[in-house]
Amino acid sequence: MKRIVVFIAAVAVCTAMQAQPGSLLQKAAQRAVQKATEKASEAAKNAVEQQTADEPEQAAQPAAAMTYAEIMRQLPELPTAQQYVDHKDAELNGKAFKLLSSKVTVFSTKLLSLASDAAALAVQNVDSAQVTDMAYRQAELYTGLSKAELDKLSTMSEEEQEAYLAAHYRQGRAEATLVKEAASAAQYLEPVQPLMDRWSALEDKVAQLYANADEQCRKVYRKYAAELASASDEGRNATLLKYYAEIAPVRRSVVQEAMRIRLNEELPLAEQIEDKISAIRKAHPDAAPMLPNYQHLTAAQYFAEPTRMLEIPEYGE
């Protein structure tokens with residue numbers, strides 16, 4: 001049971017950490033995603049309205065809900081290593097038009113759309129009132145704040161919220177609540193542990209792939225470390241690009257293999273796990289917010305893998 005408790009608490013802590021103050025980059029990313037989503041939604045709306053105007057009237061047919069596997073399989077093949085290098089060149093050197101028209105940008109836009117579709121599956125059969133209740137329950141579990149405290153927090157300014165949360169997290173209430181609730185939920189997951197262990201073994205397999213790739217990239221980095229440390233901004237960008245061009249094929253290969261493992265090996269296990277956990281959620285609704293959805297976790301990690309290609313890893317000694 002200990003491993004289950006640690007896993008549930010770890011998932012919950014990650015979610016809670018995202019709610020803590022100080023992540024300006026995260027806030028900026030959220031705003032960017034929101035803007036992109038709004039534009040995509042508006043474009044989709046216009047396309048649907050135009051199609052409706054052009055086609056004869058038909059009886060509305062409900063769209064069949066897609067599965068995680070069906071959504072994941074819609075992701076196109078990763079751009080080539082050279083296309084990633086060209087994209088990074090445009091990014092580092094301010095080539096706005098090339099950046100916008102990049103194959104990587106097109107791929108990333110599709111990835112964001114599919115990731116959003118996969119995320120929506122978790123609440124596809126839940127009404128708005130239930131979503132609100134679930135959000136409160138999860139927030140209470142993940143932060144240790146009561147509903148009254150959460151409501152109070154919503155009336156504060158951003159500065160007041162940050163001060164309030166900083167003081168709250170220093171008290172350690174969030175972590176204590178998480179561990180307690182995770183231990184309570186873990187008892188229901190004991191029968192599912194063998195499947196969860198197999199899924200975790202695949203996580204370890206993916207982690208080892210990245211560790212091996214890091215060793216290869218670290219050796220390449222050593223060739224450029226001194227030059228990167230002493231170069232001017234412009235010279236540093238040129239050196240970074242040379243370094244990235246050498247490691248891009250290695251990183252693309254491991255990302256591709258990690259995605260294959262998640263789709264073809266992890267997801268079938270996640271489907272079996274979710275069949276069993278969904279029954280546990282129905283039998284123990286109070287514990288439901290603490291019971292992970294392995295299909296959702298697998299899909300989220302699958303769609304996160306390609307974003308590693310946008311990083312240029314640097315290593316200390």
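Residues numbered from 1 in each chain as written. Predicted model: local features only at pLDDT ≥ 70, side-chain atom pairs only at ≥ 80, totals over all residues. Heavy atoms only, no water.

Student: Would you mind going over the environment of L165 with me for this structure?
Tutor: For L165, the position within the fold is in helix α9 (residues 158-170). The sequence separation of L165 and L145 amounts to 20 residues, and the corresponding C-alpha distance is 9.5 Å. (Helix = DSSP H or I, 4+ residues; strand = E, 2+ residues; numbered from the N terminus.)

Student: Teacher, can you tell me more about the packing of helix α6 (residues 103-120) against helix α13 (residues 294-304) here?
Tutor: Helix-helix packing is characterised by the crossing angle of the two axes and by the distance between the axes. Contact geometry of α6 with α13 gives a least axis separation of 10 Å together with a crossing angle of 175 degrees. The angle between α6 and α13 falls in the class roughly antiparallel. Taking contact as the criterion, the partners of L111, L114, A115, A118 and A119 in α6 are, on α13, H296, A299 and F303. Residues that form the contact of α6 with α13 fall into these classes: seven nonpolar, one polar and no charged. (Axes fitted to C-alpha atoms, helices over the stretch in contact; angles between N-to-C directions. Parallel < 35°, antiparallel > 145°, perpendicular 65-115°, else oblique. Contact = heavy atoms within 4.5 Å. Nonpolar A, V, L, I, M, F, W, Y, C, P; charged D, E, K, R; others polar.)

Student: In this structure, what is going on with the nonpolar core? I would like to understand it.
Tutor: Most often, soluble globular proteins keep nonpolar side chains buried together rather than apart. Membership of the largest hydrophobic core comes to 59 residues, with the highest contact counts inside it found for M72, L75, Y243, Y244, I273 and F303. At the level of secondary structure, the elements contributing two or more residues to this core comprise α3 (68-72), α4 (81-92), α6, α10 (173-189), α11 (193-230), α12 (233-283) and α13. Setting aside residues up to four positions removed in sequence, I273 forms contacts with V192, L195, M196, W199 and Y294. (Core = buried A, V, L, I, M, F, W, Y, C linked by side-chain atoms within 4.5 Å. Buried < 20%, exposed > 50% of the residue type's maximum accessible area, 1.4 Å probe, protein only.)

Student: How do you make sense of the environment of A300 when you look at a structure like this?
Tutor: Assignment of secondary structure puts A300 in helix α13. Its relative accessible area of 41% is what places A300 among the partly exposed residues. Taking the C-alpha atoms as reference points, A300 and M72, separated by 228 residues in sequence, lie 9.8 Å from one another.

Student: When you look at the pattern of salt bridges in this model, what are you seeing that I'm missing?
Tutor: Pairing between side chains becomes possible if they bear opposite charge and their charged atoms approach one another. For the structure on display, the rule yields 16 salt bridges. Between R262 and E203 there is a salt bridge, with its nearest N and O atoms 2.4 Å apart. Of this pair, R262 sits in helix α12 while E203 sits in helix α11, and the two are 59 residues apart along the sequence. Residues K205 and E265 are paired through a salt bridge, measuring 3.7 Å at the closest nitrogen-oxygen approach. A residue pair is termed long-range when its members are at least 10 positions apart, and K205 in helix α11 and E265 in helix α12 qualify at 60 residues. Within the structure, one salt-bridge network assembled from shared partners comprises E203, R262, E266, E305 and R308. (Salt bridge = Lys/Arg side-chain N within 4 Å of Asp/Glu carboxyl O.)

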